[in-house]
Amino acid sequence: MIINPNKLSSDSKQIANHNEQFDHLASRLSKQNIEVPSLVDKLAAFQVAIPSWALGAGGTRFGRYSYFGEPASLEQKLEDIGVLHSLTRSAGAVSLHIPWDIPTDYKAVKELAFELDLRFDAVNSNTFQDSVGAKHSYKFGSLSNTSIGARQQAIAHNKEVIKIGEKLGSKSMTVWLADGSSFPGQHNFQTALSNTQDSLKEIYKSLADDWKLFIEYKPYEPYFYSTVIQDWGTSFMLANQCGEKAYTLVDLGHHLPNTNIEQIVSTLMFKGKLGGFHFNDSKYGDDDITVGSIKPYALFLIFNELVYGMANNPQNPELSWMIDASHNLKDPLEDLIQSLEAIQITYAKALLVDQDLLKQAQKEHDVSLCQEILQEAYLTDVRPLVRQARLKLNAPLAPLQTYRNLGVREQLIKERGKNTVATGL
Ligand code: PSV
Ligand code: MN
Ligand code: MN
């Protein structure tokens, strides 16, 4: 389904309401010396990739309840992302998972993406599942496996993913490893780490000069005692071992409770080694739920560091942004619209932080003022700024409402049927 652009304009009453709210906020912010037009431009330019696995219903450990009208092919997934992008103009990229989404006709897939105004962001390799007919199993690890055969198979897969990404115009690959152990003594930590390091170095050799390798970390799951790349320090070390085109990727859900993620972001950007970022929210673990739905202030503090890093760390490359989500209860497209909205809102709030004033207050050890400055930005209702960015891009002012008014899900069910299961996961 492709939405007719004529159906996306907001009505005159909505626009008049918006203009009133925007003018009010813009005049208030201008008095604080905030350059509103450039802030709105930044919001309009911010694009987040949607992973090909987020368009259908995900599972829980205990079951999977399919959602109606789920996409059954890569083409349908691209169309769903096209819907999101038309409604928000902030989802202009797709991140593919291989082998779940290997294109059969590259030319057709690229043409469709072009038509939908989508680019191909990082490709993701998958060595956490055995593919049918595979010679070696990943049950006891992939890049870290003590079996050379399993390691070589996993390395070859990653190299293949790079080739697929090259054909699509991607410029990066993300490696997330499920490798780990569930029982003390099961792994020799040093052997597992050394095997992983050697395997990543081998994969790295296949990267073209204008490509990047993103290394994700995660403290536990699917194994529960140890994970080979357990934290940002291990990822950072491995990235440094590989070379300058390798970076750490921060996924918000991949931390133990109460970890100071904003400080991790800051350290990595300072060292020029933050390459990718996966948005989601969580209360207990890698919950992959709607961005900003549980800890919005923590997200703001993280964004504050990202904004600071983007302005002050030229040594750090442009980041690859992606929503890494899973949906068990909500319509996946509605959930993604809400996540995109939360990202834009939080980014806008972080852009409001008066960095000069904050630096001064920090210098003077005025701790209360430091907190006030952050709170002032966080407590501002920035939604008129986000809507203004949308208006500029000819997107509807209220994407979720428009999605429902247009009956997108009903239309998808008509096209694809009721009992659908998205490919992948
Ligand atoms: C597993 O934890 C995971 O959610 C990682 O965050 C990856 O980015 C994603 O799966 C896809 O491999
Ligand atoms: Mn992730
Ligand atoms: Mn995850």
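Note that this is a predicted model, so its numbers are computed, not measured. (Residues numbered from 1 in each chain as written. Chains lettered and ligands numbered in written order. Predicted model: local features only at pLDDT ≥ 70, side-chain atom pairs only at ≥ 80, totals over all residues.)

## Some remarks on the overall build of the protein chain
Quick note on the threshold: Think of it this way: any DSSP run of H or I at least four residues long counts as a helix, any run of E at least two long counts as a strand, and we number them from the N terminus. For this measure, only C-alpha atoms enter the radius of gyration; the expected value for a globule follows 2.2 Å times N^0.38, where N is the number of residues. Around each residue's C-beta, the other C-beta atoms within 10 Å are counted; 20 or more make the residue buried, 12 or fewer make it exposed, and counts in between make it partly exposed. All C-beta atoms are placed from the backbone. By definition, residues are in contact whenever their C-beta atoms, placed on the basis of the backbone, come within 7 Å of each other.
Scanning the protein chain for helices and strands turns up 15 helices and 11 strands. For 425 residues, the compact-globule estimate of 2.2 N^0.38 gives 22 Å, and the C-alpha radius of gyration of the protein chain, at 22 Å, lies within 12% of that figure. If you line up the protein chain on its principal axes, its C-alpha atoms span 65 × 60 × 40 Å. Evaluated residue by residue, the protein chain yields a buried proportion of 45% over its 425 residues. Pairs at least 24 residues apart make up 79% of the contacts formed inside the protein chain by residues separated by at least 6 positions.

## Thoughts on the site of ligand 1
Quick reminder of the rule: We call a residue near a molecule or strand if the C-beta atom, set from the backbone, is within 6 Å of it. In this classification, the charged set is Asp, Glu, Lys and Arg, the nonpolar set is Ala, Val, Leu, Ile, Met, Phe, Trp, Tyr, Cys and Pro, and all remaining amino acids, among them Gly, are polar.
The environment of ligand 1 is formed by Asn124, Trp176, Glu216, Lys218, Asp251, His278, Asp286 and Asp324. Considered class by class, the residues forming the shell around ligand 1 number one nonpolar, two polar and five charged.

## Things to note about the packing of helix α11 (residues 355–363) against helix α12 (residues 367–378)
Axes are the key here: two packed helices are described by the angle between their axes and the distance separating the axes. Stated precisely, the cut-off is as follows: Between N-to-C directions, angles span 0 to 180 degrees; the directions come from axes that are lines fitted to C-alpha atoms, helices contributing only their stretch in contact. Should an angle fall under 35 degrees it is called roughly parallel, over 145 degrees roughly antiparallel, and 65 to 115 degrees roughly perpendicular, with every other angle called oblique. By the definition used in this description, the sense in which the near helix is turned from the far one sets the handedness, with an anticlockwise turn below a right angle giving left-handed and a clockwise turn giving right-handed.
With their axes 8 Å apart at the nearest point, α11 and α12 run at an angle of 160 degrees to one another. On the basis of the axis angle, α11 is roughly antiparallel to α12. In this structure, α11 meets α12 at a crossing whose hand is left-handed. Facing Leu357, Leu358, Ala361 and Gln362 of α11, the residues of α12 in contact are Leu369, Cys370 and Ile373. Residues belonging to the contact of α11 with α12 are distributed by class as follows: six nonpolar, one polar and no charged.

## Examining helix α13 (residues 383–392)
For an α-helix, 3.6 residues make a turn, and residues three or four places apart therefore share a direction. In terms of burial, α13 is a largely internal element, eight of the 10 residues being buried. Taken together, the buried positions of α13 are occupied by Pro384, Leu385, Val386, Arg387, Gln388, Ala389, Arg390 and Leu391. The inward-facing, buried residues of α13 contact α1 (12–31), α2 (36–45) and α10 (332–352). In the segment just after α13, Asn394 is the residue with positive phi, at about 60 degrees.

## As for the confidence of the model for the protein chain
In low-pLDDT segments, the atomic positions of the prediction should not be examined closely. What counts is decided by this rule: The quantity known as pLDDT measures the predictor's confidence residue by residue, on a range of 0 to 100.
Of the residues in the protein chain, 99% have a pLDDT of 70 or more, and the chain-wide mean is 96. Element-level pLDDT for the protein chain is lowest in helix α15 (residues 408–416), with a mean of 95, against a maximum mean of 99 in strand β7 (residues 212–216). Scored as a whole, the predicted complex attains pTM 0.97, and scored at its interfaces, ipTM 0.99.

## Re the packing of α1 against α13
It is the contact of α1 with α13, at a shortest axis distance of 9 Å, that shows an interaxial angle of 120 degrees. It follows from the interaxial angle that α1 and α13 lie oblique. By crossing handedness, the relation of α1 to α13 is classed as left-handed. Together, His18, Gln21, Phe22 and Leu25 of α1 and Pro384, Leu385, Arg387, Gln388 and Leu391 of α13 make up the contact between the two elements. The residue makeup of the contact of α1 with α13, split by class, is five nonpolar, three polar and one charged.

## Focus: the environment of Ile294
With respect to the helices and strands, Ile294 occurs in the loop between β10 (274–279) and α9 (296–312). Between the alpha carbons of Ile294 and Asp281 there is a distance of 6.3 Å; along the sequence they are 13 residues apart. Apart from the residues within four sequence positions on either side, Ile294 is in contact with Asp281, Ser282, Lys283 and Ile289.

## Brief notes about the environment of Tyr284
Tracing the backbone shows Tyr284 in the loop between β10 and α9. Separated by 57 residues in the primary sequence, Tyr284 and Glu341 place their C-alpha atoms 23 Å from one another.

## A word on unusual backbone geometry
Omega for the bond connecting Ile98 with Pro99 falls within 30 degrees of zero, at 20 degrees, which places this linkage in the cis form. Within the secondary structure layout, Pro99 lies in the loop between β2 (93–95) and α4 (106–115). For the bond from Glu221 to Pro222, the omega torsion is 5 degrees, close enough to zero to count as cis. Inspection of the secondary structure puts Pro222 in the loop between β7 and β8 (226–227). Although it is not a glycine, Asp288 adopts a positive phi angle of roughly 55 degrees.

## Remarks on the pairing of β10
What counts, and what does not: A right-handed crossover is one whose linking path, passing over the helix from the first strand to the second, runs clockwise when the strands point away from the viewer. For two strands to pair, DSSP has to find at least two bridges joining them.
With six of six residues buried, β10 is to be regarded as a mostly interior element. The parallel pair strand β9 (residues 246–251) and β10 is bridged by helix α8 (residues 261–270), and the resulting crossover is right-handed. Alignment of β10 against strand β11 (residues 320–323), held across four bridges, turns out to be parallel. Its bridge partner being in β11, Phe277 is matched across the sheet by Trp321. Once the chain exits β10 it traverses α9 before rejoining the sheet at β11, and the crossover so formed is right-handed.

## What to know about the pairing of β9
Of all six residues that make up β9, six are buried, and the element is covered over most of its length. Burial along β9 is two-sided: Ala246, Thr248 and Val250 and Tyr247, Leu249 and Asp251, pointing in opposite directions, are all buried. The sheet contact formed by β7 and β9 spans four bridges and is parallel. Note on β9: the bridge partner recorded for Ile215 is Thr248. With four bridges connecting them, β9 and β10 associate as parallel partners. If you follow Thr248 over to β10, its bridge partner there is Leu274.

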